[in-house]
Amino acid sequence: MGHVVSIKGAHLAPKSEQSRMDTLIVTQELANEWRIPPFQRPCRVNAKVMSVAEQIKATETIEGVITLGLHQGNYYIVDGQHRTEAFKISGLAEAIADVRVILFSRMADMADEFVRLNSSLVKMHPDDILRGLESSLPMLTQIRKSCEFVGYDQIRRGTSSPIVSMSALLRCWVAASYETPASSSAAAGGAAKIAQAIDQSSTQNLIAFLATAHAAWGRDPEYYRLWGNLNLALCMWLWNKLVIDKDRLGNKKYASLNIPEFKCCLMSVSANAEYLEWLPGRNLTDRDRAPAYMRLKKIFASRLTQDSGGKRKITLPQPAWATR
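Note that this is a predicted model, so its numbers are computed, not measured. (Residues numbered from 1 in each chain as written. Predicted model: local features only at pLDDT ≥ 70, side-chain atom pairs only at ≥ 80, totals over all residues. Heavy atoms only, no water.)

Colleague: So what exactly am I meant to see when it comes to the environment of Trp227 here?
Modeller: Among the structural elements, Trp227 can be located in the loop between helix 9 (200-217) and helix 10 (229-244). With 58 residues separating them in the primary sequence, Trp227 and Leu169 have C-alpha atoms 9.0 Å apart. (Helix = DSSP H or I, 4+ residues; strand = E, 2+ residues; numbered from the N terminus.)

In C-alpha cells form, the structure reads like this:
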C-alpha cells in the first residue's frame with residue numbers, strides 16, 4: 001500500500017488481528033485503486049472540498065485518518081471519501097496520510113462500521129444511515145429492488161431520480177399503522193430503529209401499496225405532492241383499513257376493497273385538481289390531518305359509487321380523530 005514513513009518520537013500502536021494503522025505516502029495511483037462501497041454517500045465537490053484540496057497542496061498532508069475496508073482482496077473507502085477526492089483534485093503526485101485498514105469478511109459488517117464512524121463524527125441524515133444499513137437489512141434491499149422510485153438522495157431532482165425518500169416512506173408507514181396517523185407516532189425511534197422493526201409481512205404489504213400508488217400516480221412532477229407525508233400516510237392508513245384488514249366485525253362495518261379498486265380510488269385522487277391545489281403547505285398534524293382525510297374520503301366514496309353504477313352503498317372509516 002505504499003512506504004511507511006518514520007516519524008520521530010512515535011512508535012507503533014498495538015495491532016489486532018482485524019485492523020492496522022500506518023502512516024503512508026499515498027500516491028494518485030494508489031488512491032484511484034480504492035473503491036467506493038455501495039453504502040457510501042455521494043461524493044459532492046463543494047467549496048469545502050476545494051478548500052481541503054488547497055490545504056493538501058500546501059502541506060502535502062491529508063489530515064485525519066482515512067479508514068479503508070479490505071474485503072475479498074479489494075480496498076474500499078469506509079471513511080475519508082471527500083478527503084481522498086480532495087487529494088485527487090490537488091494534483092499532488094503524493095501526500096502523507098494516516099491510513100487505517102480493517103479486514104471484513106462481509107460487506108454488511110463494513111457498512112455497520114461506516115454507520116458507527118459517521119454517527120459519532122458527523123451528523124448524518126436519516127437516509128445516510130439507512131443507506132449504510134441496507135447491506136444488513138434485507139427489507140431495505142427488497143423495497144429498493146421492487147420500487148426503483150424509492151431512494152436515499154436527489155429526491156425529485158430529475159425525471160429518473162427517486163420521488164420519495166426511504167426515511168420519509170418508513171416514517172409514513174409507521175404512522176399509518178396507528179389508529180391515529182401522526183408524525184409523532186414514528187418520532188420515538190430513529191430511522192434505523194424503524195427499519196429494524198419492520199418484519200417481512202409488513203415489508204411485502206408496503207411494497208404492494210407502493211406498486212399500487214406508483215401505478216396510479218406515476219412520477220410526473222404534477223403529482224409530486226401526492227408523495228408528500230400527509231397524503232402518503234393517509235392513503236397508507238386507508239390501504240391498511242380497506243385492503244389489508246379483512247375483519248369487519250364490531251365497528252368495522254365499512255367497505256372492503258381489492259387492489260384494483262383501491263388503485264382506481266388513488267387515480268381519482270390524482271385527478272382531483274381541487275385536492276392537489278389544497279395539499280401544498282399541509283402536514284401530518286392535528287390541524288391538517290382531519291381536513292385532508294375528509295377530502296380523501298369524499299374522493300374515494302365518489303369513485304366507488306361511480307364504478308358500481310350507484311348500486312353499491314359505500315361506507316368508509318369514520319375515525320374519531322377525523323371528527324374533531
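Colleague: Explain the sheet that holds strand 4 (residues 94-103) here, please?
Modeller: One key point about sheets: their strands pair by backbone hydrogen bonds, in either a parallel or an antiparallel sense. Here four strands make up an open sheet; going across it, the order is 1-4-2-3 and the pairing mixed. Where the open sheet ends on each side, the last strands, each with one partner, are strand 1 (19-27) and strand 3 (74-79). For this sheet the average axis-to-axis angle between neighbouring strands, irrespective of direction, equals 40°. Note that strand 1 and strand 4 share nine bridges and pair antiparallel. Among the inter-strand pairings, Leu24 is bridged to a residue of strand 4, identified as Ala97. (Pairing = 2+ DSSP bridges. Axes fitted to C-alpha atoms, helices over the stretch in contact; angles between N-to-C directions.)

Colleague: How do you make sense of the confidence of the model for the protein chain when you look at a structure like this?
Modeller: A low pLDDT means the predicted coordinates there should not be read in detail. Here the protein chain shows a mean pLDDT of 88. Residues at 70 or above account for 91%. Here helix 4 (residues 107-121) stands out as the element of the protein chain with the lowest mean pLDDT, 83, in contrast to helix 11 (residues 259-271), whose mean of 97 is the highest. A low-confidence stretch, residues 13-17 (pLDDT under 50), is modelled with three contacts involving residues beyond four sequence positions or located in other chains. (pLDDT = per-residue confidence, 0-100. Contact = heavy atoms within 4.5 Å.)

Colleague: Help me out: how do you make sense of the packing of aromatic side chains in this one?
Modeller: Note on aromatic pairs: each is described by the distance of the centres and the angle between the planes. Tallying each qualifying case throughout the model produces ten aromatic pairs. Between Trp237 and Trp321 the ring centres are 5.3 Å apart and the planes differ by 80°, which places this aromatic pair in the edge-to-face class. Remark: Trp321 occurs in the segment after helix 13 (286-307) and Trp237 occurs in helix 10; sequence separation between them is 84 residues. Ring plane angle 80° and centroid distance 5.3 Å describe the contact between Trp239 and Phe262, whose orientation is recorded as edge-to-face. In this pair, Trp239 sits in helix 10 while Phe262 sits in helix 11, placing the two residues 23 residues apart along the sequence. When sorted by exposure, Trp239 lands in the same class as Phe262, which is buried. Among the aromatic residues, ring-to-ring pairing joins Phe209, Trp239, Phe262 and Phe300 into one connected group. (Phe/Tyr/Trp six-rings, centres within 6.5 Å; stacked < 30°, edge-to-face > 60°. Buried < 20%, exposed > 50% of the residue type's maximum accessible area, 1.4 Å probe, protein only.)

Colleague: Help me out: how do you make sense of the packing of helix 10 against helix 11 in this one?
Modeller: The relative placement of two packed helices comes down to the angle between their axes together with the axis-to-axis distance. For the pair helix 10 and helix 11, interaxial distance at closest approach is 11 Å and the crossing angle is 155°. As the angle between them shows, helix 10 and helix 11 are arranged roughly antiparallel. Considering how the two elements wind past one another, helix 10 and helix 11 form a crossing that is right-handed. Every residue of helix 11 that contacts helix 10 at Asn231, Cys235, Leu238, Trp239 and Val243 is listed here: Ile259, Phe262, Leu266 and Val269. Its residues assigned to classes, the contact of helix 10 with helix 11 shows eight nonpolar, one polar and no charged. (Parallel < 35°, antiparallel > 145°, perpendicular 65-115°, else oblique. Left-handed = near helix turned anticlockwise from the far one by under 90°. Nonpolar A, V, L, I, M, F, W, Y, C, P; charged D, E, K, R; others polar.)

Colleague: Please clarify how unusual backbone geometry should be interpreted in this entry.
Modeller: A negative phi angle is the norm for most residues apart from glycine, just as the trans form is the norm for most peptide bonds. Positive phi is not limited to glycine here, since Glu60 has a value of about 60°. Counting through the fold element by element, Glu60 comes out in the loop between helix 2 (47-59) and strand 2 (61-71). For Glu60, a relative accessible area of 47% corresponds to the partly exposed category. A positive phi is found at Arg156, a non-glycine position, where the angle reads about 55°. Take Arg156: it is sitting in the loop between strand 5 (150-151) and strand 6 (164-165).

Colleague: Whenever I open this one, the pattern of salt bridges confuses me. Can you help?
Modeller: A side chain with one charge can pair with a side chain of the opposite charge if their charged atoms come near. Scanning all chains against the criterion turns up 17 salt bridges. In this structure, Asp22 engages Arg20 in a salt bridge whose closest nitrogen and oxygen atoms are separated by 3.8 Å. For Asp22, a relative accessible area of 14% puts it in the buried group. Between Arg83 and Asp79 there is a salt bridge, with the nearest N and O atoms lying 3.5 Å from each other. (Salt bridge = Lys/Arg side-chain N within 4 Å of Asp/Glu carboxyl O.)

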